[in-house]
Amino acid sequence: MSESAFQNQIVSGTKPSPKTAANAAAVKALLAELSSQEATIRLGGGPKAAAAQRAKGRLTARERIALLLDPGAEFFELSLWAAFGMYEEYAGAPSAGVVTGIGRVHERLCMIVANDATVKAGAFFPITCKKVLRAQHIALENRIPTLYLVDSSGVFLPLQEEVFPDQDDFGRVFRNNAVMSSLGVPQITAIMGMCVAGGAYLPVMTDTVLMTEGSGLFLAGPALVQAAIGQKTPAEELGGASMHAEISGTVDFKEPDDESCLKRLRSLVDKLGSHPKSPFSVTNYDPTTDAPLYPAEDLYGLLDPAPGASNVYDMREVIARIVDRSEFDEYKADFGRTLICGYARIGGRAVGIVANQKLNQSQTVAQGPMAGTKRIEVGGVIYTEGAQKAARFIMDCNQSLVPLLFLHDVNGFMVGKDAEWSGIIRAGAKMVSVVSTSVVPKISVIIGGSFGAGHYAMCGKAYDPRFLFAWPTARYAVMGGAAAANTLAEVKAKQMERAGQVVDEAAKKAIWQEIKDGYDAAADPRYGAARLWIDAIIDPAKTRDALLLALEACALNPDVPRFNPGAIQT
């Protein structure tokens, strides 16, 4: 499909239909709800805890980040929803007690990891470790300089067995420090409070260490030292900034307070060198003349956010509002039409897009018992032809060094005799295989549903997207709540009947509703973001902004391994 033909298909400037208007109103209401919840999360331990932090002469984590960033620079926060609804028996852990995200320091993109001492003194819960590890993983894959603002009491002891020993637990943080350093990813730590026990290794394993007066850095604090060896030592003498600057030599810069420390940190970042440029295509870009032709706010009206809602829309409407000049070179436009593939630019950077088409498609069957006949392909379902097309397209992008963007609204793969005869398993395996072995950067955005094996084929979390974002309308599960309830309610009813219980229609309906409600809650993007399955829940109208930043970050890593797809089903 040519660029002009693609643009002619896009609807803009017309009066919205009642359904579109209702969708937009519902999405905006949901965004307002999320915004209110996010504001509460950003309060951390609350005003009283923030006041106690300031009484020590220290800034809060978010105040420190604001001073660290360039004036007016936006902080793109990652994993804000971490621990949402979790650890309620311990009064919660807003944002897992650590703030992570990407911002500009002297115009340079930096990953920032800042302990929030207002939340349990910055202690590490199990999900805190995983959040820091995710930030490190993003920084490592994209070669983003990483700045740690340390103010933590260490492991949250009541849950130490879930924090300490495993591959994705506390010790992995220090292992990542070493690996990042070995690969030339700059890491600078500013100790601006407590840094004790195993956590004391983090700053010392980074490239440069700053420390404010009044902070503490020790493997064991005064109380533990006295209990262990009977030695009484004041905290400042044991592990204060002056001791480490003058005697142990552990810190490189001693600063009087947070403000001075952050000023020094900015100065150090300003002097970092640059790596070679990435091999991915990028052209000069003008934010005004190269902007999409259609308003991003139109995206609010595409989807009904209600769980289980049937959303039918043209995914090209989304593409037209995120790519430069709304120009899109669609690949094999007439083949496998429930998957859209094609090339575009976002912020001047070349991307290959793989997206689920939600409009039903009339298609001629290529193989199997119904070969040559017409059929209707259901939007959002991956058929054999679509999987074959996408697999080939992904291989082409790897061959041509074009980063990949996946736009999810997928129900899964087609099932049934026709699908099996056409080789759906073989085609699906081919698509999953090339997604798995792809070496160019991959970014995923879950717009609507992302269910079952369709989630895998569209580069779900297990397939190493550099970033994974979700709209508030996203649904993320093995299957939808209604489909799961239809199966599980019947199983549960039969179990109850075998146990001698009477299960009438009202009871069956109650069982069905309970199961559906549970599935719907678990499929909500907030549930997934709380568990770090999603890096950020984004406003649909700001999708392009998120992608601009993500693609810029991906381009910081110039190294692309050789593409070797392995054995491919044909």
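Here, the structure is the one placed above.
Residues numbered from 1 in each chain as written. Predicted model: local features only at pLDDT ≥ 70, side-chain atom pairs only at ≥ 80, totals over all residues. Heavy atoms only, no water.

> Could you clarify how one ought to interpret the overall build of the protein in this entry?
For the protein, the helix and strand inventory stands at 20 helices and 20 strands. What you see for the protein is a C-alpha radius of gyration of 26 Å, in line with the 25 Å of a compact globule of 570 residues. Reported as C-alpha extents along the three principal axes, the dimensions of the protein are approximately 85 × 70 × 50 Å. Put simply, the protein has 570 residues, and 54% of those count as buried. Put simply, of all contacts in the protein between residues at least 6 apart along the chain, 74% involve residues at least 24 apart. For the protein, the exposed area adds up to about 24,200 Å²; of that, 55% sits on carbon and sulfur atoms. (Helix = DSSP H or I, 4+ residues; strand = E, 2+ residues; numbered from the N terminus. Rg over C-alpha atoms; globule rule 2.2 N^0.38 Å. Buried < 20%, exposed > 50% of the residue type's maximum accessible area, 1.4 Å probe, protein only. Contact = heavy atoms within 4.5 Å. Areas by Shrake-Rupley, 256 points an atom, 1.4 Å probe, with all protein chains shown as cover.)

> Please clarify how the nonpolar core should be interpreted in this entry.
Looking at soluble globular proteins, one finds that nonpolar side chains tend to be buried together. Counting 66 residues, the largest nonpolar core has Ile353, Leu407 and Phe469 as its most contacted members. By size, the runner-up hydrophobic cluster in this structure holds 26 residues, among which are Ile394, Val402, Met431 and Tyr463. (Core = buried A, V, L, I, M, F, W, Y, C linked by side-chain atoms within 4.5 Å.)

> Can you walk me through helix 2 (residues 18-41) in this structure?
Side chains three or four residues apart in an α-helix point the same way, a direct result of the helix having 3.6 residues per turn. Over its 24 residues, helix 2 runs 35 Å from end to end, which matches the ideal 34 Å to within 8%, given 1.5 Å per residue. Burial in helix 2 covers these residues: Asn23, Ala24, Val27, Leu30, Leu31, Leu34, Glu38 and Ile41. Close packing links the buried residues of helix 2 with helix 19 (525-530) and strand 20 (536-537). (Expected span 1.5 Å × (residues − 1).)

> Quick question: what am I supposed to make of the pairing of strand 12 (residues 361-364) here?
Two faces make up the sheet, and in a regular strand the side chains alternate between them. The alternating pattern of strand 12 places Gln361 and Gln363 on a buried face and Ser362 and Thr364 on a face that is not buried. Pairing geometry for strand 12 and strand 13 (residues 374-377), over 4 bridges, is antiparallel. Across the sheet, residue Gln361 finds its bridge partner in strand 13, namely Glu377. (Pairing = 2+ DSSP bridges.)

> Can you help me understand the packing of helix 5 (residues 126-142) against helix 6 (residues 170-182) in this one?
Helix-helix packing is characterised by the crossing angle of the two axes and by the distance between the axes. Orientation of helix 5 relative to helix 6, taken along the N-to-C sense of each, is 15°, at an axis distance of 9 Å. The angle between the axes of helix 5 and helix 6 places the two elements in the roughly parallel class. Considering the relative orientation of helix 5 and helix 6, their crossing is left-handed. Every residue of helix 6 that contacts helix 5 at Cys129, Val132, Leu133, Gln136, Ala139 and Leu140 is listed here: Phe170, Arg172, Val173, Asn176, Asn177, Val179 and Met180. (Axes fitted to C-alpha atoms, helices over the stretch in contact; angles between N-to-C directions. Parallel < 35°, antiparallel > 145°, perpendicular 65-115°, else oblique. Left-handed = near helix turned anticlockwise from the far one by under 90°.)

> Where do I start with empty space enclosed by the protein in this structure?
A probe matching the size of a water molecule, rolled over the atoms, marks out where space remains unfilled. Evaluation of the coordinates by the stated rule reveals 3 cavities of 30 Å³ or more. Lining of the largest cavity is provided by 15 residues; of these, Asn115, Phe124, Val150, Gly199 and Leu202 occupy positions nearest its centre. Counting only elements with at least two residues in the lining of the largest cavity, the list comes to strand 3 (108-115), strand 4 (146-152), helix 6, strand 5 (187-196) and helix 7 (201-204). Among the elements that make up the lining of the largest cavity, the one with the highest residue count is strand 4 (3 residues). Looking at the lining of the largest cavity residue by residue, the classes come out as 11 nonpolar, 4 polar and no charged. Approximately 60 Å³ is the volume attributed to the second largest cavity. Of all elements in the fold, only strand 11 (349-356) and helix 20 (543-554) reach the threshold of two or more residues within the lining of the second largest cavity. When grouped by side-chain class, the residues that make up the lining of the second largest cavity number 7 nonpolar, 1 polar and 1 charged. (1 Å grid on protein atoms, 1.4 Å probe; cavity = no way out; pocket = protein on both sides within 12 Å on 5 of 7 lines; lining within 4 Å. Points joined across faces, edges and corners; volume = space filled by probe spheres on them. Nonpolar A, V, L, I, M, F, W, Y, C, P; charged D, E, K, R; others polar.)

> How do you make sense of the layout of surface pockets when you look at a structure like this?
Put simply, the largest pocket is a space of about 740 Å³. If you go around the largest pocket, you meet 29 residues; those closest to its centre are Glu74, Phe75, Phe76, Ile538 and Lys542. In terms of residue count, the dominant contributor to the lining of the largest pocket is helix 20 (5 residues). Considering only residue class, the lining of the largest pocket consists of 16 nonpolar, 3 polar and 10 charged.

> Help me out: how do you make sense of the pattern of salt bridges in this one?
In a structure, side chains of opposite charge can pair up when their charged atoms sit close to one another. By the definition in use, this model includes 27 salt bridges. The shortest N-O distance in the salt bridge between Arg264 and Glu255 comes to 2.7 Å. Through salt bridges that share partners, Glu33, Asp524 and Arg526 make up one connected network. (Salt bridge = Lys/Arg side-chain N within 4 Å of Asp/Glu carboxyl O.)

> I would appreciate a short explanation of the packing of helix 13 (residues 384-400) against helix 15 (residues 424-437) in the present structure.
Axis separation between helix 13 and helix 15 bottoms out at 8 Å; the angle between their running directions is 25°. With respect to each other, helix 13 and helix 15 are oriented roughly parallel. Along this stretch, helix 13 crosses helix 15, giving a crossing that reads as left-handed. Residues Thr384, Ala387, Gln388, Ala390, Ala391, Ile394 and Met395 of helix 13 form the contact with helix 15, whose participating residues are Ile424, Ala427, Gly428, Lys430, Met431, Val434 and Val435.

> What's the story with a nonpolar patch on the surface in this structure? I'm lost.
On the surface, Tyr201, Met205 and Leu219 cluster together into a nonpolar patch covering about 290 Å² of accessible area. By the secondary structure assignment, Tyr201 is in helix 7. For Tyr201, a relative accessible area of 44% puts it in the partly exposed group. (Patch = residues over 30% accessible without salt bridge, like charges linked within 9 Å, V, L, I, M, F, W, Y side chains within 5 Å.)

> Before we go on, may I ask you to explain helix 20 in this structure?
Taking 1.5 Å of rise per residue, the 12 residues of helix 20 would be expected to cover 16 Å, and the 16 Å separating its terminal C-alpha atoms lies within 8% of that figure. For helix 20, the buried fraction is high: 9 of the 12 residues fall into the buried class. Within helix 20 the residues assigned to the buried category are Thr543, Arg544, Ala546, Leu547, Leu549, Ala550, Leu551, Ala553 and Cys554.

> In this structure, what is going on with unusual backbone geometry? I would like to understand it.
Peptide bonds are mostly trans, and most non-glycine residues show a negative phi. The backbone of Ser79 shows a phi angle near 60°, a positive value even though the residue is not glycine. Examined against the element boundaries, Ser79 turns out to sit in the loop between strand 1 (76-78) and strand 2 (98-105). Positioned with a positive phi, Arg325 is a non-glycine residue whose angle comes to about 55°. Looking at the element boundaries, Arg325 is found in the loop between helix 12 (316-319) and strand 9 (329-331).

> I tried to follow the packing of aromatic side chains on my own but got confused; where do I start?
What characterises a pair of aromatic rings is the spacing of the ring centres plus the angle enclosed by the ring planes. In the structure shown here, the tally under the stated rule is 13 aromatic pairs. Centroid distance Trp81 to Phe84: 4.9 Å. Interplanar angle 85°. Geometry classified as edge-to-face. Accessibility expressed as a relative area gives 2% for Trp81, which makes it buried. Using a relative accessible area of 32% as the deciding quantity, one classes Phe84 as partly exposed. On the numbers, 6.0 Å between centres and 70° between planes, the contact of Tyr476 with Trp533 is edge-to-face. One end of the pair, Tyr476, is in strand 19 (residues 475-477); the other, Trp533, is in the loop between helix 19 and strand 20, with 57 residues separating them in the sequence. Residue class for Tyr476 comes out buried when judged on its relative accessible area of 12%. Each member of the aromatic cluster is reached from another via a ring pair, and the members are Tyr87, Tyr90, Phe125 and Phe156. (Phe/Tyr/Trp six-rings, centres within 6.5 Å; stacked < 30°, edge-to-face > 60°.)

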